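Remarks on the overall topology
The lines below spell out each chain.
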Amino acid sequence: MRFNKHRRLEGEHAFLSPSGYHWINYTPERLIERWTAAQAGAYGTIQHDYAKGEIDAGRLSDIAGIIGLYINDCINDKMITEQLLFYSENCFGTTDAISFRRRYLRIYDLKTGITPGSVHQLEVYAALFCLEYGFDPFNLKIELRIYQDDEVQVYDADPEDVAFIMDKIVRFDKIIENIKREGES
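Notes on the structure follow. Within each chain, residue numbers correspond to sequence positions counted from 1 in written order. Selection of residues for local features in this predicted model requires a pLDDT of at least 70, selection of side-chain atom pairs for listing and counting requires 80 or more, and totals for whole chains, interfaces and linings are taken over all residues. Excluded from the side-chain calculations are hydrogens and water; all other atoms, namely the structure's heavy atoms, are used.

Packed helix pairs are characterised by how far apart their axes lie and by the angle those axes make with each other. Axes here mean lines fitted to C-alpha atoms, for a helix over just the part in contact, with angles spanning 0 to 180 degrees between N-to-C directions. Put simply, DSSP marks the helices as runs of H or I at least four residues long and the strands as runs of E at least two long, and each gets a number from the N terminus on. Orientation of helix H1 (residues 28-57) relative to helix H2 (residues 66-76), taken along the N-to-C sense of each, is 35 degrees, at an axis distance of 9 Å. Regarding H1 and H2, the two cross each other, and that crossing is right-handed. Across from Gln47, Tyr50, Ala51, Glu54 and Ile55 in H1, the residues of H2 making contact are Ile67, Tyr70, Ile71, Cys74 and Ile75. Ten residues, namely Ala, Val, Leu, Ile, Met, Phe, Trp, Tyr, Cys and Pro, are considered nonpolar, four, namely Asp, Glu, Lys and Arg, are considered charged, and the remaining ones, Gly among them, are considered polar. Counted by class, the contact of H1 with H2 contains 8 nonpolar, 1 polar and 1 charged residues. With the far helix as reference, a near helix turned anticlockwise by less than a right angle produces a left-handed crossing, and one turned clockwise produces a right-handed crossing. Two residues form a contact once any of their heavy atoms are found within 4.5 Å.

It is the contact of helix H3 (residues 119-133) with helix H4 (residues 159-184), at a shortest axis distance of 8 Å, that shows an interaxial angle of 70 degrees. Taken together, the axes of H3 and H4 lie roughly perpendicular to each other. Crossing of H3 against H4: the hand is right-handed. Mapping the contact onto sequence places Glu123, Val124, Ala126, Ala127, Leu128, Cys130 and Leu131 in H3 and Asp161, Val162, Ile165, Met166, Ile169 and Val170 in H4. Residues of the contact of H3 with H4, tallied by class, amount to 11 nonpolar, no polar and 2 charged. Throughout this description, any angle smaller than 35 degrees is read as roughly parallel, any larger than 145 degrees as roughly antiparallel, any in the 65 to 115 degree range as roughly perpendicular, and the remainder as oblique.

The buried fraction of strand S6 (residues 141-148) amounts to 7 of the 8 residues, a majority that puts the element mostly inside the structure. As paired elements, strand S5 (residues 104-110) and S6 share 7 bridges and run parallel to each other. Bridged to Arg106 within S6 is Glu143. A crossover links S5 with its parallel partner S6, the connecting element being H3, and its sense is right-handed. Here S6 pairs with strand S7 (residues 151-156) via 6 bridges, running antiparallel. The residue of S7 that forms the bridge with Gln148 is Glu151. Strand pairing is defined by DSSP finding a minimum of two bridges between the two strands. Counting the residues in the hairpin turn of S6 and S7 gives 2 residues, including Asp149, whose phi is positive at 50 degrees. The rule is simple: take the accessible area with a 1.4 Å probe, protein chains only, and divide by the maximum for that residue type; under 20% is buried, over 50% is exposed, in between is partly exposed. Looking down the strands as they point away from the viewer, one classifies a crossover as right-handed if the path from the first strand across the helix to the second runs clockwise.

None of this, on its own, says anything about what the molecule does.
This is the structure we're talking about:
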């Protein structure tokens, strides 16, 4: 048997893939819902990539709406895009945009999907920043912004919340590492 070659699709996954077989139980309505959500996610990736390119190039935007505002705010606030923050192999994440100057930490997140953004995600980024770079959140001003649905939500992070998350990251990382060591013995 000579199997067909599908080089263009190597490494890709189909929406109706065998490894994601749950679709065999979908109703047509559920299929449409899942397909729509997947397409929105793909479109969001395109929007993020576009915004990153414009910010990194320092090109102010004349696009109306939240993406133009996000791009311009990031450029004006001298943000770094797609910065990975690392505590351990068990806990790290990539911010959409971040800056740190004179004890003033800014973290901005562009949300293009339908699921409402949560400040908790940005608080975790702030905790990771403090852990990685050795800062005490009580000695910083931390501004968190979520750009979504033509609205900018601005939060002044509570250092107590950030410190709580930092402690949880450290404790949970130790638990996971202990589990890993026990599994090796």
